[in-house]
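Remarks on the overall topology
Below, each chain spelled out in residue letters.
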Amino acid sequence: MDSILSKAIDGLSTLAQEELRLLWGAKEHVKNLSDTLALIRPVLEDAEQKQVREKDVRDWLRKLKDLAYEAEDIIDECIAWGFISAEGEHDDGPKNQACYCLPSPSSCFRSPSPFRDIGFQCDISMRVQNLMKRLEEIEREKNRFKFRERNVRPDVVAQPPPTTSLIDELDVVGRELDKQIAIRLLLSNATYTKLHNPYGFNLHIGDAARHLIQKCKLLRVLDLGGTQISSLPDSVGELKLLRYLDVSLTLIKELPESTSKLCNLQTLKVIFCKKLLKLPKALGNMRRLRHLLFDYCDSITYLPTGINCLTCLQTLHCFIVGKGSGCNNITELNGLNNLRGRLKITNLENVACKKDAEAANLVAKSNLLTLKLVWRRHQSYQSTVTIDAEGILEALQPPVSIERLDITNYIGPNFPSWLGNSVLCNLVQIVIDGAAQCIHLPALGNLPLLKSLSVTGTNSVKIVGHEFYGDGTLKGFPSLERLEFCAMDEWEEWSGMEGIFKRLQALYIRECPKLRSISNVLEHLSTMQTLWITSCHGLTTLAEELEHLHSLTSLRFVDCPRLSALQIGLQHIPALQYLEVSRCPGLTTLPWELQYLTSLRALVIASCPKLTALDKLLKFDKNAQYITRLESLIISHCHGLVALPEEIG
């Protein structure tokens, strides 16, 4: 949607500058239309997230999209009539955002001179005024939804989140009857002939049958996402003006080879096509392709060769490293330095050597914000012993611009030196999942802006110590707010140090069966608001350092069978609102200090069979304020508890 709106804004801005070719007053209407669309653009991201849950927002976005498409119709007609120069259509550079990819007027249209056709100019002026009235209504509706705004760079076109599950209705540019005819024709193998109608899709009903074949020549946007189609005909390659093709969430098994003949295509969207087996072999011929939205197509095991020829490419969600002849190599990423946004590289076990990884030249892709490096799960480490996995990852150093980094199923013994280097000064989030051979965590404490860190499946790590916090002036995770450790089978010890985690707000520890204590770290976490510990079978007691957690609002212990008691000192956590103790069969008592948790709103005690009484909890001190704000008390599967105190009744 952002891409569509951006192009409409660019085209209208260009049209508004053509003073001598517009009727008096029309220029002002065009400028107002462009300016109002630009004011709406910052709320698109929030609106596209809310549309999944709110039908009214979905309807609002549909109105906005229809209006943007109609604005593009006007722009394209003005190109054909000579109101906007088409000189930039052959510029393959990524800076030319308003590339309409239309042939010159003389080659396709039989029309009178635009300078003498006052009727056409009046028509354009009236249509722009009508669009402006509709846009004013859309703008008023926007204020009702209270969308959040984001900063929008005029030269960057945002792409929608890859995981959206919303399926739009079938959307092809044109009137409803035109849509039906166009789709029926497209799904046949009819032969197209040359079109001479200057108004494109704006055909009268009487003309529809006569122009059945010709009209598909003007298709610029074809959205088949969410339909039940399983194939496209070879004739799709004859839609020479097509700029946008979406077959996401369909049953399609392959794109016809003729797709690579769509020389003006700028966006190809194939997301969640679970049955799609391959992309066209000559994909590299689509030199104007800027957005290849390709992800979650599990049946595809490689990409065709020649992707390195797509030098205009700005969006490539997923790059699958192939193996063998006819498959792409990671070196094909070398020339794609205009990539921006997010990039996932999978099947890294197929990279032959460090030299190939260096040739990918990731460090030069300065517009990337998210990078995911993925090895295939369940690889046999014995079979990969000859592969220099550590050297390969060292050569895949991200650019300085990167804000999020995911490393999944890494098979090397050590992390790369750049991962703990403060040169990656823009990193905000890191996810490490499945580095089973690494015995030490990288020195991530040096990263100045890191806010979220998740470490999962580093099964060989036994000690998390001072090396984790880094060295130098920026050590100790100065900006970290969220920290998660999960599924670390051999982790036994976690030691702290002065000056660490000064901004940490949430700590989650899950499935670390040998971890015995976290007391050395808790005393440094005075800003923490959430502490959740799950399936840590070696944990026996909570440390007295809990009393340092003055900001803690949520405390949760689940599946800690050796936990026998909650430590004293809970009365020093005045902000605590949620406390849960579940599946802790060793717990025999709750400390009487719980009654002083004056902010507590929810208390959950479940599956603690040795807990026999709550009397200590409810022996009130006359001078205490008690837990007067408690709104929810859940006691479940505590079989040793035969009666509740009278005070509860």
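Residues numbered from 1 in each chain as written. Predicted model: local features only at pLDDT ≥ 70, side-chain atom pairs only at ≥ 80, totals over all residues. Heavy atoms only, no water.

Some thoughts on the overall build of the chain
The condition is simple: Strands here mean DSSP runs of E at least two residues long; helices mean DSSP runs of H or I at least four residues long; both are numbered from the N terminus. Whether a residue is buried, partly exposed or exposed follows from its accessible area with a 1.4 Å probe, protein chains only, as a fraction of its type maximum: under 20%, in between, or over 50%, in that order. Should any heavy atoms of two residues lie within 4.5 Å, those residues are considered in contact. Every accessible area reported is derived by Shrake-Rupley at a probe size of 1.4 Å, with residue values counting cover from the shown protein chains alone.
Within the chain one finds 12 helices and 21 strands. Residue burial in the chain is summarised as follows: out of 649 residues, 53% are buried. Considering only intrachain contacts with a sequence separation of at least 6, the fraction spanning at least 24 residues in the chain is 66%. Accessible surface for the chain amounts to roughly 28,700 Å². Of this, 50% is attributable to carbon and sulfur atoms.

Structural notes on the packing of aromatic side chains
Threshold: Two rings from Phe, Tyr or Trp (for Trp, the six-membered ring) form a pair when their centres are within 6.5 Å of each other. A pair whose planes differ by under 30 degrees is stacked, one over 60 is edge-to-face, and the rest are tilted. By definition, being over a ring means that NZ of Lys or CZ of Arg is both within 6 Å of the ring centre and within 35 degrees of the ring normal.
Using the criterion set out here, one finds 17 aromatic pairs in the structure. Ring-pair connections join several aromatic residues into one group, and the members of that group are Phe468, Tyr469, Phe477, Phe485, Trp491, Trp494 and Phe501. Over the aromatic face of Phe145 sits the side chain of Arg144, whose NZ or CZ is 4.6 Å from the ring centroid.

Examining the environment of Leu333
With respect to the helices and strands, the residue Leu333 is situated in the loop between β7 (318-320) and β8 (340-346). You can call Leu333 buried: its relative accessible area is 0%. When the C-alpha atoms of Leu333 and Ala359 are compared, they prove to be 7.9 Å apart, with 26 residues separating the residues in sequence. Leu333 has contacts with Leu316, Phe319, Leu339, Ile345, Ala360, Leu362 and Lys365, leaving out every residue within four places of it along the chain.

Let's talk about the pairing of β8
Note the threshold: Strand pairing is defined by DSSP finding a minimum of two bridges between the two strands. For the handedness criterion, the strands are oriented away from the viewer, and a crossover whose path from the first strand over the helix to the second runs clockwise is classed as right-handed.
With five of seven residues buried, β8 lies mostly within the body of the structure. As paired elements, β7 and β8 share three bridges and run parallel to each other. Along β8, the bridge assignment pairs Cys318 with Lys344. Here six bridges tie β8 to strand β9 (residues 367-374), and the two strands are oriented parallel to one another. Paired with Ile345 across the bridge in β9 is Leu373. Running through helix α10 (residues 354-359), the crossover from β8 to the neighbouring parallel element β9 is right-handed.

Here we look at the nonpolar core
So the rule is basically this: Buried Ala, Val, Leu, Ile, Met, Phe, Trp, Tyr and Cys residues that are joined via side-chain atoms within 4.5 Å together make up what is termed a nonpolar core.
One finds Ile345, Trp494 and Phe501 to be the most contacted residues of the largest nonpolar core, which totals 130 residues. Top contributing element to this core by residue count: helix α11 (residues 389-395), with four residues. Discounting residues that sit within four places of it in the chain, Phe501 has contacts with Tyr469, Gly476, Phe477, Leu480, Leu483, Trp494, Val521, His524, Leu525 and Thr527. By size, the runner-up hydrophobic cluster in this structure holds 22 residues, among which are Ala47, Val57, Trp60 and Leu64.

Quick word on the confidence of the model for the chain
The predicted structure's coordinates, where accompanied by low pLDDT, should not be read in detail. As a reminder, the rule being used: Confidence scores per residue from the predictor, reported as pLDDT, run from 0 to 100.
Here the chain averages 76 in pLDDT, and 72% of its residues register 70 or above. Confidence over residues 86-116 falls short of pLDDT 50; this stretch has 65 contacts with residues more than four positions distant or in other chains. Counting contacts from residues 154-214, a segment whose pLDDT is below 50, to residues more than four positions away or on other chains yields 131 contacts.

Things to note about the pattern of salt bridges
Oppositely charged side chains are able to pair whenever their charged atoms sit close together. For the record, the criterion: Any Lys or Arg side-chain nitrogen found within 4 Å of a carboxyl oxygen on Asp or Glu counts as a salt bridge.
One pass over the structure, following the stated rule, counts 19 salt bridges. For the salt bridge of Arg516 with Glu492, the shortest nitrogen-to-oxygen distance reads 3.9 Å. On the criterion of sequence distance, the pair formed by Arg516 in the loop between β16 (506-510) and α12 (519-522) and Glu492 in the loop between β14 (482-486) and β15 (493-494) is long-range, its members being 24 residues apart. A cluster of three or more residues bridged by salt bridges with shared partners is formed by Asp295, Arg342 and Lys344.

Quick look at unusual backbone geometry
Located in the positive-phi region is Phe272, a residue other than glycine, with phi close to 55°. Note that Phe272 resides in the loop between β4 (267-271) and β5 (291-295). Residues other than glycine seldom take positive phi values, yet Glu511 does so here, at roughly 55°. As for its placement among the helices and strands, Glu511 is situated in the loop between β16 and α12. Residue class for Glu511 comes out partly exposed when judged on its relative accessible area of 41%.

Remarks on the state of the cysteines
Our working rule: We call a pair of cysteine sulfur atoms a disulfide whenever their separation is within 2.5 Å.
Inspection of the entire model under this criterion finds zero disulfides. The thiol of Cys273 is not disulfide-bonded; the next cysteine sulfur, from Cys297, is found 4.8 Å away. Its relative accessible area of 0% is what places Cys273 among the buried residues.

What about the environment of Leu525?
Relative to the helices and strands, Leu525 resides in the loop between α12 and β17 (530-534). On the basis of relative accessibility, which here comes to 0%, the residue Leu525 falls in the buried class. A C-alpha to C-alpha distance of 6.8 Å links Leu525 and Leu504, two positions 21 residues apart in sequence. With residues near it in sequence (within four places) discarded, Leu525 still touches Phe501, Leu504, Leu507 and Leu549.

Comments concerning the side chain of Ser599
Locating Ser599 in the fold gives a position in the loop between β19 (578-582) and β20 (602-606). Sequence-distant contacts of Ser599, defined by excluding residues within four places in its chain, comprise Pro574, Ala575, Leu576, Gln577 and Arg629.

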